[in-house]
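Listed below are the residues making up each chain.
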Amino acid sequence: MKKILFFTFAVLALSSCTKTWEYKTIVIDGITVTKFSTSQLALPDSTLNLMGKEGWELTANYTTIETVHPNLGNEEYVNGLQPNVRTNFVFFVFKRKN
């Protein structure tokens, strides 16, 4: 019995190692920052559902940020502590078995 279990486990382990993965990255341009507010960013549900039907699985998402230098000579600039970074790009990483 132990030999059969070991053989079954070995076959399953080897078969899972021989599969290759295919990756796809979707990059969305950054969020436009307006004074005191930001627009929201999301992939539409229809896009995610279509990718799920094609076998794609979302494995990671991350953002890159950029530094925004305020125009201190502009009188419309709001004094005080203000964030000076904003989202530059949003990356969605998908994978599926080949």
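Residues numbered from 1 in each chain as written. Predicted model: local features only at pLDDT ≥ 70, side-chain atom pairs only at ≥ 80, totals over all residues. Heavy atoms only, no water.

## A word on the packing of aromatic side chains
Quick note on the threshold: Pairing of aromatic rings covers Phe, Tyr and the six-membered ring of Trp, with a centre-to-centre limit of 6.5 Å; geometry is then stacked below 30 degrees between planes, edge-to-face above 60, and tilted otherwise. Secondary structure follows DSSP: runs of H or I at least 4 residues long count as helices, runs of E at least 2 residues long count as strands, and numbering of each begins at the N terminus. The buried label applies to any residue whose accessible area, calculated with a 1.4 Å probe on protein chains only, is under 20% of its type's maximum; exposed applies above 50%, and partly exposed to all values in between.
Counted under the stated rule, the structure contains 2 aromatic pairs. Each ring, one from Y62 and one from F91, has its centre 4.8 Å from the other, and the planes form 10°; the classification is stacked. Linking Y62 in strand β4 (residues 57-67) with F91 in strand β5 (residues 85-97), this pair joins segments that are 29 residues apart in sequence. With relative accessibility at 42%, the residue Y62 sits in the partly exposed group. With 6.4 Å between their ring centres and 55° between their planes, F89 and F91 make a pair best called tilted.

## What about the nonpolar core?
The nonpolar side chains of soluble globular proteins are, as a tendency, buried together. Applicable threshold: Buried residues of nine kinds, namely Ala, Val, Leu, Ile, Met, Phe, Trp, Tyr and Cys, make up a nonpolar core once their side-chain atoms join them within 4.5 Å. By definition in these notes, contact holds between two residues if any of their heavy atoms fall within 4.5 Å.
With 7 residues, the main nonpolar core is built from I28, L43, M51, W56, V90, F92 and F94. Beyond its immediate stretch of four places on either side in the chain, F94 contacts E22, Y23, K24, I26, L43, L48, M51, W56, E57, L58 and T59.

## Observations regarding the environment of E66
Take E66: it is sitting in strand β4. E66 gets classed as partly exposed once you look at its relative accessible area, which sits at 27%. In sequence terms E66 and N88 are 22 residues apart; their C-alpha atoms lie 5.6 Å from each other. Those residues in contact with E66 that lie beyond four places of it in its chain are N84, V85, R86 and N88.

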